[in-house]
Amino acid sequence: MPLSEQEIAGLRQHARQLRQDILDVTFWAGGAHIGGALSIVEILVLLYYKYLSIDPKNPEKEDRDRFILSKGHAGVGFAALLARKGYFDFELLKDFNKFNSPFGMHLDKHKVPGLDASTGSLGHGLPMAVGLALGARLQKRQWLTYCLLGDGECNEGSIWEAAMAAAHYKLTNLITFVDRNRFSVDGNTEDVMALEPFADKWRSFGFIVHEVDGHSYTELSRAIEAAMKEKAAPVLIMAHTVKGKGVDFMEGDVRWHYGGLDSDTLAKTKQSLASTAKD
Amino acid sequence: MAEGLTWNVYDANTMTQADIYGDVLCLLGEKYDRIVGLSADLAKSTKIGKFAEKYPHRFFNAGIAEQNMFGMAAGLALSGLVPVVSTMAVFTTMRAAEQVRTDICYQNLDVKIIATHGGISFGQAGTTHQCTEDIAIMRSMANMTVVVPADGIECGNAVIACIEHPGPVYIRIGRGFEPTCYENDTYGFEIGKSVEIVPGSDITLICCGITVLQAREAAQILKKTDGLSVRVINMHTIKPLDAEAVRKAIAETRRIITFEDHNIYGGLGSAVAEVIAESGKACAFTRVGIPDCYSLVGYPEDLYHHYKFDADGIVGKVREVMGKDFEEDENWEDGF
Ligand SMILES: Cc1ncc(C[n+]2csc(CCOP(=O)(O)OP(=O)(O)O)c2C)c(N)n1
């Protein structure tokens, strides 16, 4: 079913909050992977406020849907989202990165409620997601497994080994996203290690590919619902996004892959968020 | 060793540890045209990017694909070049472990590895980016030389030395923001030869990496407050280990503690323990490092303090071991 105007308005509200949270937590943490946290806000918000069957009061509920943030460096935003969903107190994030905090840049499943897998080393998430999806099928569980990859992350051979396995086992209970923000650390993905023709690579590995605007709830939601109905092959949603989305001076600037914010810069980011939120 | 490769020490003191090796590599690139550089989407963070900027045609970014990168490095070495590869320690020694072992070490190739973010120097990043296993892993690969410089200046020395040192070399550094230990590069760095940076006769602290500076500070404190004569050895090369310096320490001080930013299993502490055990001599001995767990999250200084290898922690450990008994050996004098 298409999203209603009202639903979209609600999701926008959550996204605005999450972007603010990302900036605040980055400020508290003394530095974080801001760019790649901002580019996936709509994907996370749509999954966590609309599609995932989860219960923050019972994080280990057996039949919950699973989500793996394979690009684990975006943990700063993911942790904030889990806090807002009610998995733990948002105030705890003030200690992010600090001594003995449950929250480091890359989140630890044993310390952060709501996390289905510890990630941070790129190229590990999709193989684990394939295992979760296979496990669900074998045990006749209805849960769906979602996995979110970085585009640069797809340089890793293990991603393609997992892709081969997902297609081989026809894992239609696995829905994979690529955050196609076109940058990694050293620069534009096409300059560092070219991925294009990227969607065709996934197709040739046996995936059904939907290319969408990764900041459009309507397009993302259409692709997710199509993926849920798909019975022939695993689905890859290629979400075209903007690294640093929402803060004008960070958008598309690779220097904001990782950064710290002083209070002046934090204020500037908030102003920028407020002005982009109007349109 | 390469001549004419000194750099201004005053500059070095204002540079980060990683900056220094970047600059040294640029200089080496002039002298040796067979040097090529590689990184895996971390050229800027590891500072091999400095070499990449100066010699763009001699640098290869493998993208985020460490296994392929180390395989490529092996191929480049087979073609007659000398690849210098730099990425984080954790992705070098674990993600690409088999490429390093089978492609590089087994074939005994001239690949020089500068592994950054070793130990818990990037503690706030969590376990996925911490690396407290690398020394153990690299030490167990035949043909590999393992160097853990005390600071940026020593890293510069190690990089210069490794180019003319045959076979694979693993140089392990931190994140690059560590304080400097040495004031200049002329203290006589040699692969496989430890440096006694503080003389002493009551106890020996054998250190590598960031713990060297901390131990030197601890030795000063202990001298003042406890009147102890503490020997500090910078064991910058873990393999081949300077066993002679260890045996000398057993004979002359009979108390040894190792300090390292690494799991207490398999690293410097284990290497020293092997020499002590094989010496057949009694010796009060303790290893200090990460006590076989995944480190807590936190900034490195807080973690070093917690795991007791900052100056404070070292002082405490020395007092502990000074109170420890060891069995007297009647034939002590005729041992060495
Ligand atoms: C195996 C591995 N190699 C290197 C890194 C260091 N690293 C962290 S983020 C990153 C770039 C990721 O790029 P991408 O997947 O495109 O993420 P995004 O641009 O969305 O942040 C790299 C190389 C890592 N975390 N894991």
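Rules behind the numbers
- Residues numbered from 1 in each chain as written.
- Chains lettered and ligands numbered in written order.
- Predicted model: local features only at pLDDT ≥ 70, side-chain atom pairs only at ≥ 80, totals over all residues.
- Heavy atoms only, no water.
- Helix = DSSP H or I, 4+ residues; strand = E, 2+ residues; numbered from the N terminus.
- Rg over C-alpha atoms; globule rule 2.2 N^0.38 Å.
- Buried < 20%, exposed > 50% of the residue type's maximum accessible area, 1.4 Å probe, protein only.
- Contact = heavy atoms within 4.5 Å.
- Areas by Shrake-Rupley, 256 points an atom, 1.4 Å probe, with all protein chains shown as cover.
- Lys, Arg positive; Asp, Glu negative; His and termini not counted.
- Charge placed at Lys NZ, Arg CZ, Asp CG, Glu CD.
- Pairing = 2+ DSSP bridges.
- Axes fitted to C-alpha atoms, helices over the stretch in contact; angles between N-to-C directions.
- Salt bridge = Lys/Arg side-chain N within 4 Å of Asp/Glu carboxyl O.
- Expected span 1.5 Å × (residues − 1).
- pLDDT = per-residue confidence, 0-100.
- Near = heavy atom within 4 Å.
- Polar contact = N/O pair within 3.5 Å; in protein donor to acceptor, adjacent residues only side chain to side chain.
- Nonpolar A, V, L, I, M, F, W, Y, C, P; charged D, E, K, R; others polar.
- Domains from an automatic or database assignment.
- Buried area = accessible area lost by both parts, 1.4 Å probe.
- Phe/Tyr/Trp six-rings, centres within 6.5 Å; stacked < 30°, edge-to-face > 60°.
- Lys NZ or Arg CZ within 6 Å of the ring centre and 35° of its normal.

**Brief notes about the overall build of chain B**
Each helix and strand in chain B was counted, giving 14 helices and twelve strands. Here chain B has a C-alpha radius of gyration of 19 Å; the compact-globule value for 336 residues is 20 Å, and the two agree. Taking the principal axes of its C-alpha atoms as reference, chain B extends roughly 60 × 40 × 35 Å. When burial is assessed residue by residue, chain B has 65% of its 336 residues classed as buried. Restricting the contact set of chain B to residue pairs at least 6 apart, pairs at least 24 apart contribute 78%. Summed over its atoms, the accessible surface of chain B is roughly 12600 Å², and 49% of this surface lies on carbon and sulfur atoms. Counting 29 positive and 45 negative side-chain charges, chain B places the averaged centre of each group 1 Å from the other.

**Re the sheet that holds strand 6 (residues 169-172) of chain B**
Residues and elements named next belong to chain B. Ordered in space as 2-1-3-4-6-5-10, the seven strands form an open sheet in which the pairing is mixed. Of all the strands in the sheet, just strand 2 (59-61) and strand 10 (237-239) have a single pairing partner and so form its edges. When the angles between neighbouring strand axes are averaged without regard to direction, this sheet yields 20°. Judged from the three bridges that link them, strand 1 (residues 35-39) and strand 2 form a sheet pairing that is parallel.

**Quick look at the pattern of salt bridges**
If you walk through the whole model with that rule in mind, you get 29 salt bridges over all chains. Salt-bridge contacts for Glu62 of chain A lead to Arg141 of chain A; the nearest nitrogen and oxygen are separated by 2.8 Å. Here Glu62 of chain A is found in the loop between helix 3 (41-51) and strand 1 (66-69), whereas its partner Arg141 of chain A is found in the loop between helix 5 (125-138) and strand 2 (145-150), with 79 residues between them in sequence. Residue classification places Arg141 of chain A among the partly exposed positions, given a relative accessible area of 28%. For the salt bridge of Lys54 of chain B with Glu30 of chain B, the shortest nitrogen-to-oxygen distance reads 2.5 Å.

**Examining helix 6 (residues 157-168) of chain A**
Look at helix 6 of chain A: 17 Å from first C-alpha to last across twelve residues, which is about the 16 Å you get at 1.5 Å a residue. Buried within helix 6 of chain A we find Ser158, Ile159, Trp160, Ala162, Ala163, Ala166 and Ala167 of chain A. Where helix 6 of chain A is buried, its residues contact helix 5, strand 2, strand 3 (174-180) and helix 8 (198-204) of chain A together with helix 6 (89-95) of chain B.

**Here's the deal with the confidence of the model for chain B**
Summarising the model, chain B shows a mean pLDDT of 94, and 93% of its residues fall at 70 or more. The complex model carries a pTM of 0.95, and its ipTM stands at 0.95.

**Thoughts on the site of the ligand**
Looking at the ligand, there are 24 residues lining it, with His73, Asp151, Phe183 and Lys243 of chain A together with Glu66 of chain B nearest. The site occupied by the ligand is bordered by residues of chains A and B. Backbone polar atom of Glu153 of chain A to an oxygen atom of the ligand: 2.9 Å apart, as the coordinates give it. Contacts to the ligand include Lys243 of chain A, whose side-chain N or O atom sits 2.6 Å from an oxygen atom. Contact with the protein chains removes 99% of the 600 Å² of surface that the ligand exposes when unbound. Here the residues of the shell around the ligand sort into five nonpolar, ten polar and nine charged.

**A word on the side chain of Arg255 of chain B**
Residues and elements named next belong to chain B. Relative to the elements of secondary structure, Arg255 occurs in strand 11 (residues 255-263). Of note is the side chain of Arg255, whose polar atom sits 3.0 Å from the backbone oxygen of Val321. A polar contact of 3.5 Å, which involves the side chain of Arg255, links it to the backbone oxygen of Met322. When residues no more than four places from it in sequence are discounted, the contact partners of Arg255 are Asp202, Ile203, Thr204, Cys283, Ala284, Val321, Met322, Lys324 and Phe326.

**What to know about the pairing of strand 1 of chain A**
All names here are of chain A. Side chains of strand 1 alternate between two faces, with Arg66 and Ile68 and Phe67 and Leu69 buried alike. One ladder, built from four bridges, connects strand 1 with strand 2; its direction is parallel. Opposite Phe67, over in strand 2, you have Tyr146 as the bridge partner.

**A few points about unusual backbone geometry**
With an omega of -5°, the peptide bond between Glu196 of chain A and Pro197 of chain A qualifies as cis. Looking at the element boundaries, Pro197 of chain A is found in the loop between helix 7 (189-192) and helix 8. The omega angle of the peptide bond from Lys239 of chain B to Pro240 of chain B is 0°, so this bond is cis rather than trans. If you trace the backbone, Pro240 of chain B turns up in the loop between strand 10 and helix 11 (243-253). In this structure, Lys140 of chain A takes a positive phi of about 55° despite not being glycine. Here Lys140 of chain A is to be found in the loop between helix 5 and strand 2.

**Quick look at the domain arrangement of chain B**
Residue and element names in this part refer to chain B. Once the domains are mapped, chain B shows domain 1 (9-172) and domain 2 (195-322). For domain 1 and domain 2, the distance between their C-alpha centres works out to 26 Å. Taken together, the 28 residues of domain 1 in the interface contact 33 residues of domain 2. With both chains or domains summed, domain 1 and domain 2 bury close to 2100 Å², and 55% of this area falls on carbon and sulfur atoms.

**Topic: the packing of aromatic side chains**
By the definition in use, this model includes 14 aromatic pairs over all chains. The interplanar angle of 55° and the centroid separation of 4.9 Å between the aromatic rings of Trp160 of chain A and Phe205 of chain A together place this pair among those described as tilted. With Trp160 of chain A in helix 6 and Phe205 of chain A in the loop between helix 8 and strand 4 (208-213), the pair connects residues that are 45 residues apart, well separated along the chain. Judged by its relative accessible area of 12%, Trp160 of chain A is buried. Relative to Phe207 of chain A, the ring of Trp202 of chain A lies with its centre 5.1 Å away and its plane at 75°, an arrangement referred to as edge-to-face. Each member of the pair, Trp202 of chain A as well as Phe207 of chain A, is classed as buried. Clustering of aromatic rings is evident, with ring pairs tying together Trp160, Phe198, Trp202, Phe205 and Phe207 of chain A. Above the plane of the ring of Phe90 of chain A lies Arg84 of chain A, whose end atom (NZ or CZ) is 3.8 Å from the centre. Over the ring of Tyr32 of chain B we find Lys31 of chain B, and its NZ or CZ is 5.7 Å from the ring centre.

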